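# Per-entry structural report
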Amino acid sequence: MTEKLIYELSRPGRCACFLPKTDVPPADLPSEWVREEAPLLPEVSEVDLVRHYVRLSQLNYGVDTGFYPLGSCTMKYNPKVNEEACRLPGFAQTHPLQPEDTVQGNLKLMYDLQCYLREISGFAAVSLQPAAGAHGEFAGILIMRAYHLDRGDTGRSRILIPDSAHGTNPASTTMSGLEVVQLRSDSRGNVDLDDLRANLDDRVIGMMLTNPNTLGLFDEHLEEVARLVHGAGGLMYGDGANLNALMGIAKPAALGFDVMHFNLHKTFSTPHGGGGPGSGPVGVTEELARFLPGPVVIRTLDEEACTCGPDDEHDEFCYRYELSQPGSSIGRLKAFYGNFGVMVRAYTYIRMLGGAGLRQASEDAVLNANYLQARLKQVYPLPYDRPCMHEFVLEGRLADAPGIRALDISKRLMDYGMHPPTNYFPLIVHEALMIEPTETESKETLDAFVDAMTRIAEEARTQPELLHDAPHTTPVGRLDEVRAAREPRLRWKPPAP
Amino acid sequence: MKVDRASRYTRTHEWVRLEGDEAVSGITDYAQEQLSDIVYVELPAIGEHFGKGEVYGVVESVKAASDNYMPVGGTITAVNESLADEPQQVNTDPYGAGWMIRFRPDDPAEIEQLMDAASYEEYVSSLEGAH
């Protein structure tokens, strides 16, 4: 390791700050609350402290340092103007308990964002509550269950999920106390219609479907799938994780979905991948709107503020924005109103691009993925060989380099200064390498990636040990993932004296 | 890929064989190879009953987590507790020390209806040919 732990830098008595003597009497804590020994905290000087964290920050790899084709994660560049906007004092320094009258601007932003997401998706209503994608899924499943229970249909407990789904789909279903039924994919990567028919009955709450799916393919039977599920009384849940392929081109509500979550942190360019925070609003049809998690933002005409004549068009100053709980809401899912800072970033992104810009973002994302797919399928096996959407899945294995696996290729890619693609997902592809370039990368960057992947394939044949031992240029070499999982060491302990 | 001639097999890559009036089951050599190094195995409680095809447990490797399905219906009589500390036994000896559950089958004759070793080998090679 190139950087020691801060505990290893620690020397007794060193300190980075000196507090003045307290000028109030010390509080008298009950003795059982007072610890007997001082906690083991690192003791370092200010300069050592600063250098330690600056050095650590320089070991980071992110979208701002290089290409990051991590499939399914939409690691697009996040424009810095989003950061400017969300740091405006009017947004950054409001308190969630402020009276509504004093935060009309914030509420209007949330209202407008709800409207934009409705327009992009075609859904009738949106709640911004959920804090991340899987949280949005959880909300969507509770909404679907509430819909059936509200109709007095209590016999449904199953959710159908294709084997190409994101792992969060079965996890969210299980979290909701419901049963997962896994469906097969057919040879073109679509939902297997026979398997769907065989599993559709009056026990089915609905189906969770990602479209485009995790192979990056648009399901060719989508309308038939929706017709069959609706015919059995079920609802269609759309996993909006892959919305980056569809903005301005296809509206999920028009494709037959009843509920969908958005990943604002992916599609609408807010920083993620280092722990968030995310934002996973959920959109629904008119019929399901009253079940949405709340509060949502509504607006009413403010008779006092509005000075419009009978023929004038109302402007934003004519309305009053307020928080409201939908009539049969599944309840609150998050403290206060969701991750507001992320909403400001996503709102800024949408306003900067506009309708035409969003459509172009999706078109370019699809174009970039197809360009990479067309070039890389000359080098690596492409199991589902048809035009892709925003991402595609290669097999990370080569017939004439038998000892090489997807993991070796990915680790070697780090030596070329690039982030590896997603490995071993989806599970239906052997040695999967899932590649999503996004729209923000130039042709030069894409070509550099193809060159690196081509050279790695050559190395796999001529110098396989170079791949087995990779990475060579990173602060630490190949990590022992198996030992880390079997014998985790989660806490530093001082060496025995 | 190794197979155990005395066992029967499911399409979801479990093996099962009768030992007296109880059955023993685990995952196949092919399954452990696909999963790679196994780091965690979750097993059911003794006395639990599962129908054929129901999920009784989970195996986790550094690559993926995967459900284990009951090859035929039955009631759990024992689980391989040593897998908690040494899950790698599933990698090194999937048909022996890496066993997962013992159970009393609802209908022992059902086991005979599963694939034998030769049919399972054929089934796996058909998978390898596809995607």
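Placed above this text is the structure.
Calculation rules
Residues numbered from 1 in each chain as written. Chains lettered and ligands numbered in written order. Predicted model: local features only at pLDDT ≥ 70, side-chain atom pairs only at ≥ 80, totals over all residues. Heavy atoms only, no water. Phe/Tyr/Trp six-rings, centres within 6.5 Å; stacked < 30°, edge-to-face > 60°. Helix = DSSP H or I, 4+ residues; strand = E, 2+ residues; numbered from the N terminus. Buried < 20%, exposed > 50% of the residue type's maximum accessible area, 1.4 Å probe, protein only. Lys NZ or Arg CZ within 6 Å of the ring centre and 35° of its normal. Expected span 1.5 Å × (residues − 1). Contact = heavy atoms within 4.5 Å. Pairing = 2+ DSSP bridges. Salt bridge = Lys/Arg side-chain N within 4 Å of Asp/Glu carboxyl O. Axes fitted to C-alpha atoms, helices over the stretch in contact; angles between N-to-C directions. Parallel < 35°, antiparallel > 145°, perpendicular 65-115°, else oblique. Left-handed = near helix turned anticlockwise from the far one by under 90°. Nonpolar A, V, L, I, M, F, W, Y, C, P; charged D, E, K, R; others polar. Buried area = accessible area lost by both parts, 1.4 Å probe. Polar contact = N/O pair within 3.5 Å; in protein donor to acceptor, adjacent residues only side chain to side chain. Patch = residues over 30% accessible without salt bridge, like charges linked within 9 Å, V, L, I, M, F, W, Y side chains within 5 Å. Areas by Shrake-Rupley, 256 points an atom, 1.4 Å probe, with all protein chains shown as cover.

## Describing the packing of aromatic side chains
Both the distance between ring centres and the angle between the ring planes are used here to describe each pair of aromatic rings. The full count for this structure, using the stated rule, is twelve aromatic pairs over all chains. When the centroid spacing of 5.0 Å and the interplanar angle of 20° are considered together, the rings of Tyr7(A) and Trp492(A) count as stacked. Here Tyr7(A) is found in helix α1 (residues 6-9), whereas its partner Trp492(A) is found in the segment after α15 (481-486), with 485 residues between them in sequence. Aromatic pair Phe67(A) and Phe449(A): ring centres 5.2 Å apart, planes at 70°, arrangement edge-to-face. Of this pair, Phe67(A) sits in the loop between α2 (46-58) and α3 (80-86) while Phe449(A) sits in helix α13 (residues 443-462), and the two are 382 residues apart along the sequence. A relative accessible area of 0% places Phe449(A) in the buried class. Ring-pair connections join several aromatic residues into one group, and the members of that group are Tyr9(B), Trp15(B), Tyr95(B), Tyr120(B) and Tyr123(B). Positioned above the aromatic ring of Tyr319(A), the side-chain terminus of Arg299(A) is 3.6 Å from the ring centre.

## Description of α13(A)
Residue and element names in this part refer to chain A. In a regular helix each residue adds 1.5 Å, so 20 residues correspond to 28 Å; α13 covers 29 Å between its end C-alpha atoms and thus fits that length. Along α13, the residues classified as buried are Leu446, Asp447, Phe449, Val450, Ala452, Met453, Ile456, Ala457, Glu459 and Ala460. In this structure, the buried residues of α13 make contact with α11 (340-376), α12 (406-415), β12 (432-435) and α14 (464-468).

## A look at the side chain of Asn213(A)
All names here are of chain A. Within the fold, Asn213 resides in the loop between β4 (204-210) and α9 (222-231). The class of Asn213 is buried, set by a relative accessible area of 4%. If sequence neighbours within four positions are ignored, Asn213 has contacts with Ser164, Gly189, Asn242 and Glu391.

## Re the sheet that holds strand β9 (residues 101-105) of chain B
Across the sheet, six strands lie side by side as β1-β2-β3-β9-β8-β5 (chain B); this open sheet has antiparallel pairing. Across the chains shown, the open sheet's two edge strands, defined by having one partner strand only, are β1 (8-9) and β5 (49-50) of chain B.

## Observations concerning the pattern of salt bridges
Residues and elements named next belong to chain A. This structure, assessed with the given rule, holds 39 salt bridges over all chains. A salt bridge links Asp101 to Arg320; the shortest N-O distance between them is 2.4 Å. Of this pair, Asp101 sits in the loop between α4 (89-92) and α5 (104-121) while Arg320 sits in strand β9 (residues 319-324); the two residues are 219 residues apart in sequence, bridging distant segments of the chain. Given the relative accessible area of 56%, Asp101 is considered exposed.

## Overview of the pairing of strand β3 (residues 22-27) of chain B
The side chains of a regular strand alternate, first on one face of the sheet and then on the other. Residues and elements named next belong to chain B. With six of six residues buried, β3 is to be regarded as a mostly interior element. Here β3 shows two buried faces, one formed by Glu22, Val24 and Gly26 and the other by Ala23, Ser25 and Ile27. Bridge analysis of strand β2 (residues 14-19) against β3 gives six bridges, and the strand direction is antiparallel. Bridge pairing links Leu18 to Ala23 in β3. Here β2 folds back onto β3, and the loop between the two strands holds two residues, one of which, Gly20, carries a positive phi near 70°.

## Some points on the packing of helix α6 (residues 133-150) of chain A against helix α7 (residues 168-175) of chain A
Residues and elements named next belong to chain A. Where α6 meets α7, the closest approach of the two axes is 9 Å, and the angle between their N-to-C directions is 50°. When the axis of α6 is compared with that of α7, the two are oblique. Here α6 runs over α7; the crossing is right-handed. For the pair α6 and α7, the contacting residues are Ala134, Glu137, Phe138 and Ile141 in the first and Thr168, Asn169, Ser172, Thr173 and Met175 in the second. Class assignment for the residues of the contact of α6 with α7 results in four nonpolar, four polar and one charged.

## Considerations on the interface of chain B and chain A
With 15 residues of chain B at the contact, the number on the chain A side is 15 residues. Of the roughly 1,200 Å² buried between chain B and chain A, counting both surfaces, carbon and sulfur atoms make up 55%. Counting across the chain B and chain A interface gives one salt bridge. Linking chain B with chain A are two residue pairs in polar contact (both at pLDDT 80 or more). Only α1 (29-35), β4 (38-42) and α4 (117-129) of chain B provide two or more residues apiece to the side of chain B that touches chain A. Here the residues of the side of chain B that touches chain A sort into seven nonpolar, five polar and three charged.

## Section: a nonpolar patch on the surface
A contiguous nonpolar surface patch, about 370 Å² in accessible area, is contributed by Leu5(A), Tyr7(A), Leu40(A) and Leu41(A). By relative accessible area, Tyr7(A) is classed as partly exposed at 30%.

## Here we look at the sheet that holds strand β11 (residues 422-423) of chain A
Residues and elements named next belong to chain A. Ordered in space as β10-β12-β11, the three strands form an open sheet in which the pairing is antiparallel. Here the strands that pair on one side only, and so sit at the sheet edges, are β10 (392-395) and β11. Against the sheet, α11 contacts β10 and β12, and its axis sits at roughly 20° relative to β10. Against the sheet, α12 contacts β11 and β12, and its axis sits at roughly 45° relative to β12.

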